[in-house]
Every structure is written in structure tokens, then in C-alpha cells.
Amino acid sequence: NNPGWDKPIANIFADFLVKNGVNNENILIQNSSINTLEDVTFSLPIIKKNFKNLQTIILVSNPMHKRRCFATFKKQFPDEIKIINQAGDQPDFSHINQEELTQIAMRCVQECDRLIKYSEKGDIEPTVIPENINTIYLKLKEILAI
């Protein structure tokens, strides 16, 4: 839903990979999904069709989303494969303003909300949020009034 995007994010990522030396023939695109659960469930048939002896998969997501990405993939693809969960970017927080900091805090709260909700719903692998993180999560919800 980024207004600056003129095509699906999967295609934007594929363009980035090609610009950075990945052969277009080595890229499989699934661009029909609109959320993480669909990302996984729509991609699974493509993965299974093209990789018969899959042993390892690398999940790449932004740092705040990678735990939910992993939990979703693990639940929907329970096969015994090695999963490497990698952040695609490491933002530099040293020069952010208050508005950007608030947006990051809101995103963190939303991710915790989704971990709880989707765990209860059964869409993702059950996720336990550590007590110290839960305390921060609840305090952020209070501060942000969400």
C-alpha cells in the first residue's frame, strides 16, 4: 500500500535483485498476495514445484516483521527444512526524528498485536512473547494510546 510503488512489491524486489547481479532466470515471483499468510500459502506451491529436494530456505524480511514471517512460514510449511531468518535491512536509527520514532514504535506494537492474534487464530506457529518484551509492548500501547 505504499503510494510510491507502481507495481507489486515482489516485482520491486525482483528488479532490485536483477540490478544487483542476480540472473532473472533464478528468480521466481509470486505477486498475488496481500499479507504475510498469503505470501507463504501462495508461494508454497511454487516452492514445492521448483525445489523437489529443498533442504534450506532463507526468509528475508524487515527486522520488525521477521519473527512473524518465520512463525507464519513454520506453521504453514511444517516440513523438516532448515530456515534461516534474515533481516533484509538494518535501519540507521541515529538520525531519526520524533515522528519517525513514533512510527517505528507503532509498528512494533502492531507486530506484537499480530503475533498474539495470529497465534491464537492458528495462522502462525504459537509464539510466546517474553515478559520483558510484553512489558514494553503494553507500555508503548499506553503511551501511543492504541
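About the criteria used
- Residues numbered from 1 in each chain as written.
- Predicted model: local features only at pLDDT ≥ 70, side-chain atom pairs only at ≥ 80, totals over all residues.
- Heavy atoms only, no water.
- Buried < 20%, exposed > 50% of the residue type's maximum accessible area, 1.4 Å probe, protein only.
- Helix = DSSP H or I, 4+ residues; strand = E, 2+ residues; numbered from the N terminus.
- Pairing = 2+ DSSP bridges.
- Right-handed = clockwise from strand over helix to strand, strands pointing away.
- Expected span 1.5 Å × (residues − 1).
- Bend = angle between axes of the 7 residues up to and from the residue.
- Contact = heavy atoms within 4.5 Å.
- Core = buried A, V, L, I, M, F, W, Y, C linked by side-chain atoms within 4.5 Å.
- 1 Å grid on protein atoms, 1.4 Å probe; cavity = no way out; pocket = protein on both sides within 12 Å on 5 of 7 lines; lining within 4 Å.
- Points joined across faces, edges and corners; volume = space filled by probe spheres on them.
- Nonpolar A, V, L, I, M, F, W, Y, C, P; charged D, E, K, R; others polar.

Regarding the pairing of strand S1 (residues 56-61)
Where a strand is regular, its side chains alternate between the two sheet faces.
No. 1: Only one face of S1 is buried: it carries Ile 57, Leu 59 and Ser 61, and the other face, with Thr 56, Ile 58 and Val 60, is open.
No. 2: Relative to strand S2 (residues 82-87), S1 is paired through six bridges, and the arrangement is parallel. If you follow Leu 59 over to S2, its bridge partner there is Asn 85.
No. 3: Note on the crossover from S1 through helix H3 (residues 66-76) to S2: the handedness is right-handed.

A look at helix H2 (residues 36-50)
No. 1: Between the first and last C-alpha of H2 there are 21 Å, a value that for 15 residues agrees with the 21 Å anticipated at 1.5 Å per step.
No. 2: Approximately 35 degrees is the largest bend angle found in H2, and it occurs at Ser 43, with the proline Pro 45 only one to four residues beyond.
No. 3: Burial in H2 covers these residues: Thr 36, Val 40, Ser 43, Leu 44 and Ile 47.
No. 4: Contact partners of the buried residues in H2: S1 and H3.

Some words on the nonpolar core
No. 1: The biggest cluster of nonpolar side chains holds 10 residues, and these are Val 40, Leu 44, Ile 47, Ile 57, Leu 59, Cys 69, Phe 73, Phe 77, Ile 81 and Ile 83.
No. 2: Elements represented by at least two residues in this core include exactly H2, S1 and H3.
No. 3: Residue contributions to this core peak at three residues, all from H2.
No. 4: If sequence neighbours within four positions are ignored, Val 40 has contacts with Thr 72, Phe 73 and Gln 76.
No. 5: Among the nonpolar cores identified, the runner-up in size contains seven residues, and Val 109, Leu 115, Ile 124 and Ile 129 belong to it.

Structural notes on the layout of surface pockets
No. 1: Approximately 290 Å³ is the volume attributed to the second largest pocket.
No. 2: In this structure, the second largest pocket is lined by 13 residues; those nearest its centre are Cys 108, Glu 111, Cys 112, Ile 133 and Tyr 137.
No. 3: The set of elements that each furnish at least two residues to the lining of the second largest pocket consists of H3, helix H4 (98-121) and helix H5 (131-144).
No. 4: Among the elements that take part in the lining of the second largest pocket, H4 stands out by supplying five residues, more than any other.
No. 5: In the lining of the second largest pocket, the residues fall into 10 nonpolar, no polar and three charged.

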